[in-house]
Amino acid sequence: MPKPLSLLAFRCYNQYTHAFVERMVRNNTNRRLENVQAVALHYTKDGTFITSHDALIDYNPIMPGQESPVRTIGTWNPQMATCKLNFKESFGGTIPHELRKYLARQ
């Protein structure tokens, strides 16, 4: 059984004093998903958690089979080395997704 969301592509990078995470997600369900929030988690090289920031995905609602871009922006910390993504419902629980992974900063 597929997870409700698929993470199609993402990257983390910094620009000036901001940390960005950009990606595309797909709704794998047969229903519309409303108020899907992406949560970016940032870690040091040794895996110590630094901070998180979040944003709603661009398409609200995201319809069955539809893909949506999303972008989170937070304050950059020079110790940020990797990032991870999670998804949740606004004021709700975690939404499982495929292809969760850590990526080195670009």
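Use the structure listed above.
Quantities reported herein were computed from a predicted structural model and do not represent experimental measurements.

The rules behind each value
Residues numbered from 1 in each chain as written. Predicted model: local features only at pLDDT ≥ 70, side-chain atom pairs only at ≥ 80, totals over all residues. Heavy atoms only, no water. Core = buried A, V, L, I, M, F, W, Y, C linked by side-chain atoms within 4.5 Å. Buried < 20%, exposed > 50% of the residue type's maximum accessible area, 1.4 Å probe, protein only. Helix = DSSP H or I, 4+ residues; strand = E, 2+ residues; numbered from the N terminus. Salt bridge = Lys/Arg side-chain N within 4 Å of Asp/Glu carboxyl O.

A.B. asks: Mind showing me how you'd approach the nonpolar core here?
C.D. replies: As a rule of thumb, soluble globular proteins bury nonpolar side chains together. The biggest cluster of nonpolar side chains holds 17 residues, and the ones touching the most others in it are F10, V21, V36, I57 and F87. Listing elements by their share of this core, those giving two or more residues are β1 (5-15), β2 (18-27), β3 (36-43) and β6 (82-89). With four residues, β1 is the largest single contributor of residues to this core.

A.B. asks: In this structure, what is going on with the pattern of salt bridges? I would like to understand it.
C.D. replies: Opposite charge on two side chains makes pairing possible when the charged atoms of those side chains draw close. Counted by the stated rule, this structure contains four salt bridges. Among the salt bridges present, the one from E22 reaches R71, with a minimum N-O distance of 3.0 Å. Of this pair, E22 sits in strand β2 while R71 sits in strand β5 (residues 67-75); the two residues are 49 residues apart in sequence, bridging distant segments of the chain. A salt bridge links E67 to R26; the shortest N-O distance between them is 3.4 Å. You can see E67 sitting in strand β5 and its partner R26 sitting in strand β2, a full 41 residues away along the chain.

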